[in-house]
Amino acid sequence: MVYTLSGVRFPSVPSVYKSPGFSSSNGGDHRNANVSSVFLKKKHSLSRKILAEKSSYESESRPSTVAASLGKVLVPGSPSDSSSSSTDQLEFAQLVPENSPASTDVDSPTVEHASDVEPAIDLTGSVAELDFSSSLQLQEGGKLKQSKTLDTSEVTIIDESDRIRKKGIPPTGLGQKIYEIDPLLKNHSEHLDYRFSQYKKMREAIDKYEGGLEAFSRGYEKMGFTRSATGITYREWAPGAKSACLIGDFNNWDPNADVMTRNEFGVWEIFLPNNADGSPAIPHGSSVKIRMDTPSGVKDSIPAWIKFSVQPPGEIPYNGIYYDPPEAERYVFQHPRPKRPKSLRIYESHIGMSSPKPKINSYMEFRDEVLPRIKKLGYNAVQIMAIQEHSYYASFGYHVTNFFAPSSRFGTPDDLKSLIDKAHELGIVVLMDIVHSHASNNTLDGLNMFDGTDSCYFHSGARGYHWMWDSRLFNYGHWEVLRYLLSNARWWLDEFKFDGFRFDGVTSMMYTHHGLSVGFTGNYNEYFGFATDVDAVVYLMLVNDLIHGLFPDAITIGEDVSGMPAFCIPVQDGGVGFDYRLHMAIADKWIELLKKRDEDWRVGDIVHTLTNRRWREKCVSYAESHDQALVGDKTIAFWLMDKDMYDFMALDRPSTPLIDRGIALHKMIRLVTMGLGGEGYLNFMGNEFGHPEWIDFPRADQHLPDGKIIPGNGFSYDKCRRRFDLGDADYLRYHGLQEFDQAMQHLEERYEFMTSEHQFISRKDEGDRMIVFERGNLVFVFNFHWTSSYSDYRIGCLKPGKYKIVLDSDDPLFGGFGRIDHNAKYFTFEGWYDDRPCSFMVYAPSRTAVVYALVDKEEVVKEVEEKEPVEE
């Protein structure tokens, strides 16, 4: 999460670069350079031995009874079950009236659905209902072609949405397993049991009034624009509005042409029948807005459920776009999702700043130029930032204005789908950085004051405003907010085929103090009390239920700095339900150490920070992410080498002590973080080769209310790009750092050490500055001493046999000095040493990291056979 950027909107200026094939009379505004021209041309248009261990317990759950025809989960004791108490039924009948729109069954014939359209593929019927004589198959380019046969035995990505609709979410479980996993939680069982009961009641209410989470999460088939065979229905929840009308290109922005009607629950609606020739009343690409007479006056707003929005050239506000391309122009996914990787190696990315050139990169350019790079480096996941539309580019995507719309700066929704499909073809899972922790305070383009009140979607008053982030805070206890956010998560997974999320700012969500000015010490009283926002935690439990219920292989990662217990325990067991927690303390520790002299580093402190994580809760570790690279901070490379990076990174000129130290420690920091930090690893793009500069988005001077001015950068894109050419240049020292990162990823791919059950730290020597640990069949040896190298240094190990070097940071290929002989043999001898039954001797040069692997029997036999003389 970015903590330093304001959500105040500023106009942008055109880029000096234009995308190929784009032209415009105004010189090509960079914000729309990657958007289809149809929108511009037409108006209609515990430290030591206990590291994280693989979870072996079984999640509590009971079999669910699924009513297939309704897609509803019947939970014993729920309002849907006859055994439920009348008290519970009364309480939730008051929460959601029987005749409210929230209780309307999604499959009710009185409700218009996107499924009423006549699509190329029937997503509402079963496979058996497809017309075999006129089935559809993929052809080149991702389009569809007619075929006479359809192999229904093969599960494809095409019918995934249909399969998902038939799923029921597993039942709530008992929520008691957390006390077995962590007995200390029993001291807070009152709070935790209350939290679980609130979650269970909400699940039961959703089951009763909405037909279950699966149906509830398809709010986009009911709200916003939905098209049927006869026309387009537009619905919007705006309870504070006095009147409303739909305006746009299609009706010449006439507020009297398409007046909407309001029901008793604050939902406005209008139906626009097809034209006489059968064409839709609103052409694809049309600009649309909803005009409302509100308590704050008349205002034009972008529809809350809009699927695309753009900023017209020369204008400040965005326009909502009715996005419904003809069938022939829609991207059709060709490649199934990759299997969920055993361990995550995440390449954190930002589409716009992924070009070496000072411009905004596109989805297509990222697809063709960056994805192959990620694959070659050995990462198995890409995490994409700033996907949800945000009117202020410099917010890094954190101040979202349009939650269902992919950012138009980088291209169209179909361009994004093409990118994701290509990643899947390469075997890369795609994670989205999703922002449900807050929203932009922008009233022109976003949800703030949507209906003229400050309570629509958000808490009213001070509780609904984040003073540090200058943004609005959702009311997670409101029914329609739950519908909106749960549907939003479902939308990105189902429609765009994302494989999971990194949830931003979760600490801010879970506490009413938002984690601000609070130093979490690990005392359990800090987590369970009046400072906990139970509504928000329940929402996180619900969204994890939804995601893992419908998409079992989907991955959820929570950005939590507090260390909330049971954060990564399944919801049915009483946890919050995330798969991973971001191990945020590691990056802070490295920055703290880099401000000190090497002599003041303590290896025990390093090891403690890397291994200080909760039992049976997986973590994603990182030495630095985008947060450490933003202007106002410095990357690890810059902390280490500073301005020397500009003049002494060429191999044809002498190095400096600062460069030598920096290159050595940069490799060691990354490897020890990956080796000890968790079950996953993350790197922000460019940091794999020590990117020499910070990130600074184009921005103007900012005038604060107190009269102070924060200087901008003249809307420069110079620091808002990635110089991949530096890492690729074999005549620069950046190249060695990149080669090391690649070797590191491929080492993990081969040995899977991050997820190994065997983990043991055998040495933390403050005098020698040595760290030695085992993960799997690998032995990691780190010498952090700045001058001392050690010959015949004895290290302990578990298994006897012969060891070989599989990674050496001092290898000349990685910019090292080549002080270690890779042909040397490392044989163990018996006798306990450092709490290990075996040991062997190594040479450990100063500032090096070396990984040794146990040579398996097959390798030994092969070596012996190769040395035996061949008989004539």
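Predicted model only: the values in this text are computed from it and were never measured.

On a plain count of helices and strands, the protein chain comes out with 20 helices and 37 strands. The buried share among the 872 residues of the protein chain stands at 60%. Counting every atom, the protein chain has about 33500 Å² of accessible surface; 52% of that belongs to carbon and sulfur.

Within the largest apolar cluster, 192 residues are counted, with the highest numbers of intra-cluster contacts made by Tyr457, Phe474, Trp492, Phe498, Trp590 and Phe782. Considering each element in turn, this core owes the most residues, 12 residues, to helix α11 (residues 534-550). Discounting chain neighbours no more than four positions away, the residues touching tyrosine 457 are Glu236, Trp237, Ala304, Trp305, Leu447, Phe474, Asn475, Val481 and Tyr484. Core analysis: the next-biggest nonpolar cluster, separate from the first, contains 19 residues, Cys797, Tyr826, Val842 and Tyr852 among them.

Quick look at unusual backbone geometry now. In this model, methionine 449 sits at a positive phi of 55 degrees, which is unusual for a non-glycine residue. Among the secondary structure elements, methionine 449 is positioned in the loop between β19 (439-440) and β20 (465-466). The backbone of phenylalanine 715 shows a phi angle near 60 degrees, a positive value even though the residue is not glycine. Note on placement: phenylalanine 715 falls in the loop between β28 (709-710) and α18 (724-728).

Spatial ordering of the open sheet is given by β32-β36-β35, a layout of 3 strands whose pairing is antiparallel. Strands with a single pairing partner mark the edges of an open sheet, and in this sheet they are β32 (790-797) and β35 (829-833). Pairs of neighbouring strands in the sheet enclose a mean axial angle of 55 degrees, with direction left out of account. Bridge analysis of β32 against strand β36 (residues 836-844) gives 6 bridges, and the strand direction is antiparallel. When the sheet's bridge partners are listed, arginine 794 is paired in β36 with methionine 841.

Once that is clear, we can look at a nonpolar patch on the surface. There is a patch of nonpolar side chains on the surface, built from Tyr465, Trp467 and Met468 and spanning about 330 Å² of accessible area. In this fold, tyrosine 465 is placed in strand β20.

Another point: helix α8 (residues 413-425). For α8, spanning 13 residues, the distance from its first C-alpha to its last is 19 Å, which sits close to the expected 18 Å at 1.5 Å a residue. Positive backbone phi, at 80 degrees, marks glycine 427, one or two positions downstream of α8.

Once that is clear, we can look at the packing of helix α7 (residues 363-377) against α8. Remark: α7 packs on α8, axes separated minimally by 8 Å, with the N-to-C direction vectors making an angle of 15 degrees. Accordingly, the angle class assigned to the pair α7 and α8 is roughly parallel. Here α7 and α8 pass one another in a crossing that is right-handed. Contact residues: α7 offers Tyr363, Met364, Phe366, Arg367 and Leu371, while α8 offers Asp415, Leu416, Ser418, Leu419, Lys422 and Ala423. Tallied by class, residues from the contact of α7 with α8 come to 7 nonpolar, 1 polar and 3 charged.

So, about the packing of helix α9 (residues 479-494) against α11. Relative orientation of the contacting elements α9 and α11 amounts to 30 degrees, with a least axis distance of 10 Å. Between α9 and α11, the crossing angle belongs to the class labelled roughly parallel. Viewed along their axes, α9 and α11 form a crossing whose handedness is right-handed. For the pair α9 and α11, the contacting residues are Leu482, Leu485, Leu486, Ala489, Arg490 and Leu493 in the first and Tyr539, Leu542, Val543, Leu546, Ile547 and Leu550 in the second. Grouping the amino acids of the contact of α9 with α11 by side-chain chemistry returns 11 nonpolar, no polar and 1 charged.

Before going further, it helps to spend a moment on the confidence of the model for the protein chain. Mean pLDDT over the protein chain stands at 84; residues scoring 70 or higher make up 80%. Across residues 1-153 the pLDDT falls below 50, and counting only partners more than four positions away or on other chains, this stretch makes 351 contacts in the model.

This part takes up the pairing of strand β22 (residues 500-503). Of the two faces of β22, the one lined by Gly500 and Arg502 and the one lined by Phe501 and Phe503 are each fully buried. In this sheet, β22 lies alongside strand β18 (residues 429-434) in parallel orientation, the contact comprising 3 bridges. Paired with methionine 432 across the bridge in β22 is phenylalanine 501. Here 4 bridges tie β22 to strand β23 (residues 555-558), and the two strands are oriented parallel to one another. Residue pairing across strands places arginine 502 opposite isoleucine 557, the latter belonging to β23.

Under the criterion given, the structure shown has 52 aromatic pairs. Here the basic side chain of lysine 307 rests over the ring of tryptophan 491, its NZ or CZ set 5.2 Å away from the ring centre. A cation sits over an aromatic face here: lysine 497 above phenylalanine 333, 5.9 Å from the ring centre.

Where helix α13 (residues 603-611) is concerned, the buried positions are Val603, Ile606, Val607, Thr609, Leu610 and Thr611. Taken together, the buried residues of α13 touch β24 (580-583), α12 (585-594), α17 (657-676), β29 (759-765) and β30 (770-775).

This part is about the pairing of strand β14 (residues 344-350). Within β14, 7 of the 7 residues are buried, which leaves it mostly tucked inside the rest of the structure. Of the two faces of β14, the one lined by Leu344, Ile346, Glu348 and His350 and the one lined by Arg345, Tyr347 and Ser349 are each fully buried. With 5 bridges connecting them, β14 and strand β26 (residues 680-684) associate as parallel partners. Of the residues in β26, the one forming a bridge with isoleucine 346 is leucine 682.

This next bit is on the environment of leucine 246. Along the polypeptide, leucine 246 turns up in strand β7 (residues 243-248). C-alpha of leucine 246 to C-alpha of isoleucine 290: the two residues are 44 residues apart in sequence and 4.8 Å apart in space.

Read around the barrel, 8 strands follow the order β14-β15-β18-β22-β23-β24-β25-β26 and close on themselves; strand pairing throughout is parallel. Within the sheet, the average angular offset between the axes of one strand and its neighbour, ignoring direction, is 30 degrees.

This next bit is on the environment of alanine 664. Counting through the fold element by element, alanine 664 comes out in helix α17. Residue alanine 664 is classed as buried on the basis of its relative accessible area, which comes to 14%. As for alanine 664 and serine 846, which are separated by 182 residues in sequence, their C-alpha atoms are 9.3 Å apart.

Another point: the pattern of salt bridges. Under the criterion given, the structure shown has 54 salt bridges. A salt bridge links arginine 218 to glutamate 221; the nearest nitrogen and oxygen atoms lie 3.0 Å apart. Looking at glutamate 221, the relative accessible area reads 9%, which means it is buried. In this structure, aspartate 433 engages arginine 502 in a salt bridge whose closest nitrogen and oxygen atoms are separated by 2.7 Å. Placement of the pair is aspartate 433 in strand β18 and arginine 502 in strand β22, with a sequence separation of 69 residues. Of the two residues examined, aspartate 433 and arginine 502, each falls in the buried class. Salt bridges sharing partners connect three or more residues here, namely Glu160, Arg165, Glu214, Arg218, Glu221, Arg337, Arg490, Asp494, Lys497 and Asp499.

Before going further, it helps to examine the side chain of threonine 453. Looking at the secondary structure, you find threonine 453 in the loop between β19 and β20. A polar contact is formed between the side chain of threonine 453 and the side chain of aspartate 451, at a distance of 2.7 Å. For threonine 453, the residues in contact, after removing those within four places along its chain, are Gly240 and Pro295.

Moving on to the state of the cysteines. A full pass over the atoms with the stated rule returns 0 disulfides. Between cysteine 619, a free cysteine, and cysteine 568, which holds the nearest cysteine sulfur, the sulfur-to-sulfur gap is 6.5 Å.

Relative to the helices and strands, glycine 211 resides in the loop between α5 (189-210) and α6 (213-216). On the basis of relative accessible area, glycine 211 is assigned to the buried category, the value being 5%. Along the sequence, glycine 211 and glycine 168 sit 43 residues apart, while their C-alpha atoms lie 9.9 Å from each other.

Criteria and thresholds
Residues numbered from 1 in each chain as written. Predicted model: local features only at pLDDT ≥ 70, side-chain atom pairs only at ≥ 80, totals over all residues. Heavy atoms only, no water. Helix = DSSP H or I, 4+ residues; strand = E, 2+ residues; numbered from the N terminus. Buried < 20%, exposed > 50% of the residue type's maximum accessible area, 1.4 Å probe, protein only. Areas by Shrake-Rupley, 256 points an atom, 1.4 Å probe, with all protein chains shown as cover. Core = buried A, V, L, I, M, F, W, Y, C linked by side-chain atoms within 4.5 Å. Contact = heavy atoms within 4.5 Å. Pairing = 2+ DSSP bridges. Axes fitted to C-alpha atoms, helices over the stretch in contact; angles between N-to-C directions. Patch = residues over 30% accessible without salt bridge, like charges linked within 9 Å, V, L, I, M, F, W, Y side chains within 5 Å. Salt bridge = Lys/Arg side-chain N within 4 Å of Asp/Glu carboxyl O. Expected span 1.5 Å × (residues − 1). Parallel < 35°, antiparallel > 145°, perpendicular 65-115°, else oblique. Left-handed = near helix turned anticlockwise from the far one by under 90°. Nonpolar A, V, L, I, M, F, W, Y, C, P; charged D, E, K, R; others polar. pLDDT = per-residue confidence, 0-100. Phe/Tyr/Trp six-rings, centres within 6.5 Å; stacked < 30°, edge-to-face > 60°. Lys NZ or Arg CZ within 6 Å of the ring centre and 35° of its normal. Polar contact = N/O pair within 3.5 Å; in protein donor to acceptor, adjacent residues only side chain to side chain. Disulfide = S-S within 2.5 Å.

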